[in-house]
Amino acid sequence: MSLVKTLPLLLSLSAALGSVSAWALPNDNEQPIRIQANEAQLDDKQGVATYKGDVIITQGSMKITGNTVTITRNAAGEIDIVTSVGNLAYFEQLQKATDPKPVQAYAVTIQYHAPQNRIVLIDKAKVINDGNTTEGEKIVYDTVKQVANAGRANGTNVTAPRPRIDMVIQPKKKTDQQKAQ
């Protein structure tokens, strides 16, 4: 497909990606979107774009990587689901401008459900947030509430079965004033 034919598809996809403000900090949706991949297949009629080969998508502080990333849009042209598959697929985003550490998520399959501000991690799932970790077969992470639910990936084939979740919670750091009391 020539650049002249694909340019309108890429522009419409970029506009749709830009409407997803929950992926990153409030001003990140005003930042340019960069998609790097070895190949792309775009179907504007169906609202589906598939990128293959060491895919990296960034917008401001948000980053998604994987071997294959598929983006679907709803009838209004807004992002519906971003699915990243890899060994391992990766997602990160800053929660606050004052916190230099992004929330990081890894899994064989990562699904970002934009309307619900929810990430679903399936198979070898792991979320790291400020030193705290959650690992399991499946983790559902709410990016707005910063809440993770972990457990079995029932009905899904997983490469590394984990009958139990594993969490590490760091102790809260006390300020000098709290230590003095």
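Residues numbered from 1 in each chain as written. Predicted model: local features only at pLDDT ≥ 70, side-chain atom pairs only at ≥ 80, totals over all residues. Heavy atoms only, no water.

1. What to know about the nonpolar core
One finds Ile 71, Val 82, Phe 91, Ile 110, Ile 119, Leu 121 and Val 127 to be the most contacted residues of the largest nonpolar core, which totals 25 residues. Every element with two or more residues in this core is listed here: β3 (48-59), β4 (62-73), β5 (79-93), β6 (103-113), β7 (118-129) and β8 (132-142). With 5 residues, the top contributor of residues to this core is β6. Once you skip the residues sitting within four places of it in the chain, Ile 110 turns out to touch Val 82, Thr 83, Ser 84, Ala 89, Tyr 90, Phe 91, Ala 105, Ile 119, Val 120 and Leu 121. (Core = buried A, V, L, I, M, F, W, Y, C linked by side-chain atoms within 4.5 Å. Buried < 20%, exposed > 50% of the residue type's maximum accessible area, 1.4 Å probe, protein only. Helix = DSSP H or I, 4+ residues; strand = E, 2+ residues; numbered from the N terminus. Contact = heavy atoms within 4.5 Å.)

2. Some points on the pairing of β8
Across 10 bridges, the pairing between β7 and β8 is antiparallel. Along β8, the bridge assignment pairs Ile 122 with Lys 138. Turn length for the β7-β8 hairpin, with the two strands adjacent in sequence and antiparallel, is 2 residues, and the turn residue Asp 130 shows positive phi of about 55°. Summarising the sheet, β8 and strand β10 (residues 166-168) pair through 3 bridges and their orientation is antiparallel. Counted as the bridge partner of Glu 135 is Asp 166 from β10. In terms of strand pairing, β8 meets strand β9 (residues 147-151) through 5 bridges, oriented antiparallel. Each bridged residue has a counterpart across the sheet, and for Tyr 141 the counterpart in β9 is Ala 148. (Pairing = 2+ DSSP bridges.)

3. Focus: the environment of Ile 71
Positionally, Ile 71 belongs in strand β4. You can call Ile 71 buried: its relative accessible area is 0%. With 29 residues separating them in the primary sequence, Ile 71 and Leu 42 have C-alpha atoms 9.5 Å apart.

4. Overview of the environment of Val 140
Within the secondary structure, Val 140 is located in strand β8. Sequence-wise, Val 140 and Tyr 112 are 28 residues apart; in three dimensions their C-alpha atoms are separated by 9.8 Å. If we skip the residues at most four places from it in the chain, Val 140 touches Arg 118, Ile 119, Val 120, Val 147, Ala 148 and Asn 149.

5. Examining the packing of aromatic side chains
For the structure shown, the criterion picks out 2 aromatic pairs. Consider the rings of Tyr 90 and Tyr 106, whose centres lie 5.0 Å apart with planes at 50°: the pair is tilted. Here the residue Tyr 90 occupies a position in strand β5, and Tyr 106 occupies one in strand β6, the gap between them amounting to 16 residues. With a relative accessible area of 11%, Tyr 90 lands in the buried category. Measuring from ring centre to ring centre gives 6.0 Å for Phe 91 and Tyr 112, while their planes differ by 15°; the resulting arrangement is stacked. Here Phe 91, found in strand β5, pairs with Tyr 112, found in strand β6; they are 21 residues apart in sequence, far enough to count as distant. (Phe/Tyr/Trp six-rings, centres within 6.5 Å; stacked < 30°, edge-to-face > 60°.)

6. Observations concerning the confidence of the model for the chain
Summing up the model confidence of the chain, the mean pLDDT is 80 and the portion of residues at 70 or higher is 81%. Within the chain, helix α1 (residues 3-18) has the poorest average pLDDT of any element, 35, and strand β2 (residues 39-43) the best, 95. (pLDDT = per-residue confidence, 0-100.)

7. What to know about the side chain of Thr 133
As for its placement among the helices and strands, Thr 133 is situated in strand β8. Non-local contacts of Thr 133, meaning those with residues more than four positions away in its chain, are made with Lys 126, Val 127, Ile 128, Asp 166, Met 167 and Val 168.

8. Some words on the pattern of salt bridges
Should the charged atoms of two oppositely charged side chains come close, the side chains can pair. Under the criterion given, the structure shown has 3 salt bridges. The partner of Asp 44 in a salt bridge is Arg 73, with the nearest N and O atoms 2.5 Å apart. With Asp 44 in the loop between β2 and β3 and Arg 73 in strand β4, this pair connects stretches of sequence that are 29 residues apart. Look at Asp 44 and you get partly exposed, because its relative accessible area is 35%. Two residues, Glu 137 and Arg 152, come together in a salt bridge whose shortest N-O distance is 3.1 Å. A residue pair is termed long-range when its members are at least 10 positions apart, and Glu 137 in strand β8 and Arg 152 in the loop between β9 and β10 qualify at 15 residues. Overall, Glu 137 belongs to the buried group, its relative accessible area being 3%. Look at Arg 152 and you get partly exposed, because its relative accessible area is 44%. (Salt bridge = Lys/Arg side-chain N within 4 Å of Asp/Glu carboxyl O.)

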